[in-house]
Amino acid sequence: MPAPIPEERHRLDREALLDAAEELFYGRGIQAVGMDQVRTASGLPLKRIYRFFATKEDLLVAVLRRRDQRWRGDLAAHVDQAADPRERVLAVFDWLGQWFAQPGFRGCAWVNVHGELGASSDAVLAEVRSHKRAFHSQITSWVRATGTSVADPVFLLAEGAIVTAGISGDPAVAGHARAAAATLLGTA
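One numbering rule holds for all chains: residues counted from 1, following each sequence as written. A pLDDT threshold of at least 70 governs which residues receive local features in this predicted model, and a stricter bar of 80 or more applies before side-chain atom pairs are shown or counted, although totals over entire chains, interfaces and linings include all residues. To get the side-chain values, all heavy atoms of the structure are used, and hydrogens and water are removed first.

Observations regarding the overall build of the chain
What the chain contains, in helices and strands, is nine helices and zero strands. For the purposes of this entry, the term helix denotes a DSSP run of H or I that reaches at least four residues, the term strand denotes a run of E that reaches at least two, and both are numbered from the N terminus. Ordered by position from N to C terminus, the α and β elements of the chain give α-α-α-α-α-α-α-α-α. Carbon and sulfur atoms provide 54% of the accessible area of the chain, an area that totals close to 9700 Å². Reported accessibility uses the Shrake-Rupley method at a 1.4 Å probe radius. Residues are deemed covered only where the shown protein chains occlude them.

Comments concerning the nonpolar core
Generally speaking, soluble globular proteins have nonpolar side chains that are buried together. Ranked by internal contacts, the top residues of the largest apolar core, which has 59 residues, are V38, L59, W71, L96, W99 and F100. Sort the elements by how many residues they give to this core and helix α4 (residues 56-79) lands first, with ten residues. Residue contacts are counted whenever heavy atoms from the two residues lie within 4.5 Å of one another. Among residues more than four places away in sequence, those in contact with L96 are W71, A158, I162 and A174. Throughout this description, the term nonpolar core refers to a set of buried Ala, Val, Leu, Ile, Met, Phe, Trp, Tyr and Cys residues connected via side-chain atoms within 4.5 Å. The buried label goes to any residue with under 20% of its type's maximum accessible area, the exposed label to any with over 50%, and the partly exposed label to all in between, with areas taken from a 1.4 Å probe on protein chains only.

Describing the packing of helix α6 (residues 109-117) against helix α7 (residues 122-144)
Between N-to-C directions, angles cover 0 to 180 degrees, with each direction set by a line fitted to C-alpha atoms, over the stretch in contact for helices. Close contact between α6 and α7 brings their axes to 10 Å; oriented N to C, the two are set at 155°. One way to sum up the angle between α6 and α7 is to call them roughly antiparallel. As for how α6 packs across α7, the hand of that crossing is left-handed. Between α6 and α7, the contacting residues are W110, V111, V113, H114 and L117 on the first element and V124, L125, E127, V128, H131 and K132 on the second. Ten residue types, Ala, Val, Leu, Ile, Met, Phe, Trp, Tyr, Cys and Pro, are classed as nonpolar, four, Asp, Glu, Lys and Arg, as charged, and the remainder, Gly among them, as polar. Residue composition of the contact of α6 with α7, grouped by class: seven nonpolar, two polar and two charged. Each angle is binned into one of four classes, with values under 35 degrees roughly parallel, values over 145 roughly antiparallel, values of 65 to 115 roughly perpendicular, and all other values oblique. Take the far helix as the reference: if the near one is turned anticlockwise from it by less than a right angle, the crossing is left-handed, and if turned clockwise, right-handed.

A word on the packing of aromatic side chains
Any two rings among Phe, Tyr and Trp, with Trp reduced to its six-membered ring, count as a pair given centres within 6.5 Å; such a pair is stacked if its planes are under 30 degrees apart, edge-to-face if over 60, and tilted if neither. With the rule as written, the count across this model stands at ten aromatic pairs. Judged by centre distance (4.9 Å) and plane angle (80°), the ring pair of W99 and F105 falls under edge-to-face. Ring pairs connect the aromatic residues W71, W95, W99, F100, F105, W110, F135 and F155, which therefore count as one cluster. The ring of Y26 is capped by R67, whose NZ or CZ atom sits 4.2 Å from the centre of that ring. By definition here, charges over rings are those cases where NZ of Lys or CZ of Arg is within 6 Å of the ring centre and within 35 degrees of the ring normal. The ring of Y26 is capped by R106, whose NZ or CZ atom sits 6.0 Å from the centre of that ring.

Re the packing of helix α1 (residues 7-28) against α4
Two numbers describe how α1 lies on α4: the axes approach to 9 Å, and their chain directions differ by 90°. As judged from the angle between their axes, α1 and α4 are roughly perpendicular. Here α1 contributes R14, E15, L17, L18, D19, A21, E22, F25 and Y26 to the contact with α4, which in turn contributes K56, L59, L60, A62, V63, R66, R67 and R70.

Quick look at α6
Residues spaced three or four apart along an α-helix face the same direction, because each turn holds 3.6 residues. Buried residues of α6: A109, W110, V113 and L117, and no others. For α6, the angular spread of the buried residues around the axis is 90°, confining them to a single face. In the core, the buried residues of α6 are packed alongside α1, α4 and α7. What the arc describes is the spread of directions from the helix axis to the C-beta atoms.

Quick look at the environment of R14
Along the chain, R14 turns up in helix α1. Judged by its relative accessible area of 31%, R14 is partly exposed. With 153 residues separating them along the chain, R14 and I167 place their C-alpha atoms 32 Å apart. Residues contacting R14, with those up to four places away along its chain left out, are F52, F53 and A62.

Side note on the side chain of D68
Relative to the elements of secondary structure, D68 occurs in helix α4. Separated by 2.8 Å, the side chains of D68 and R72 make a polar contact. Contact partners of D68, with chain neighbours within four places excluded, come to G73, W110 and H131. Residues adjacent in sequence count toward polar contacts only when both atoms are side-chain atoms; beyond that, a polar contact is any pair of N or O atoms within 3.5 Å, and within protein one must be able to donate a hydrogen and the other to accept it.

Topic: the pattern of salt bridges
We count a salt bridge whenever a side-chain nitrogen from Lys or Arg sits within 4 Å of a carboxyl oxygen from Asp or Glu. Scanning all chains against the criterion turns up 16 salt bridges. Across the pair D80 and R88 runs a salt bridge whose closest N-O atoms are separated by 2.7 Å. When its relative accessible area of 44% is taken as the criterion, D80 is described as partly exposed. When the shortest N-O distance is used, the salt bridge between E87 and R178 registers 3.6 Å. With E87 in helix α5 (residues 85-100) and R178 in helix α9 (residues 173-187), the pair connects residues that are 91 residues apart, well separated along the chain. The class of R178 is partly exposed, set by a relative accessible area of 25%. A single salt-bridge network, built from bridges that share partners, covers E15, D19, E22, R66, R67 and R70.

That's the geometry; what it means functionally is another story.
Here it is in structure tokens:
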């Protein structure tokens, strides 16, 4: 009987698996990546991978959940650096612009996944919707602090900028969306 795997090794292996899967899924797409590629990139045997996640869909859901926490956490940390409520909302677009300019930016992971699997996977669709609701809630709380009621248009500007930058490859769209949000905040 093999020796039990220590908890720390278990945690590190799971993180390595999620890192590898996220990089592959985001960089190449879900359907283009096979589990053998995930095995190679993670350095874990398939048997161990399937002990963590019974299916590729389960692995994808875990990747999306972890990415959501990191993505929204990084955004909030950036926004929290601004003291003025209006500047906090505009900081969303500054952060988006930095993200758009990163090497390997391929647009919104959740929109990409929805395009591939949203119609065929209830679990994936639920994760995509959960992320979008949580992002909308963040935007809404920051906009409400300005005393305006333009949360939905500001959210749509952010979402539109993400999709446009993903397709065009142009990080400047964040600045255009920021200017539009500034107008909304100034005239509401």
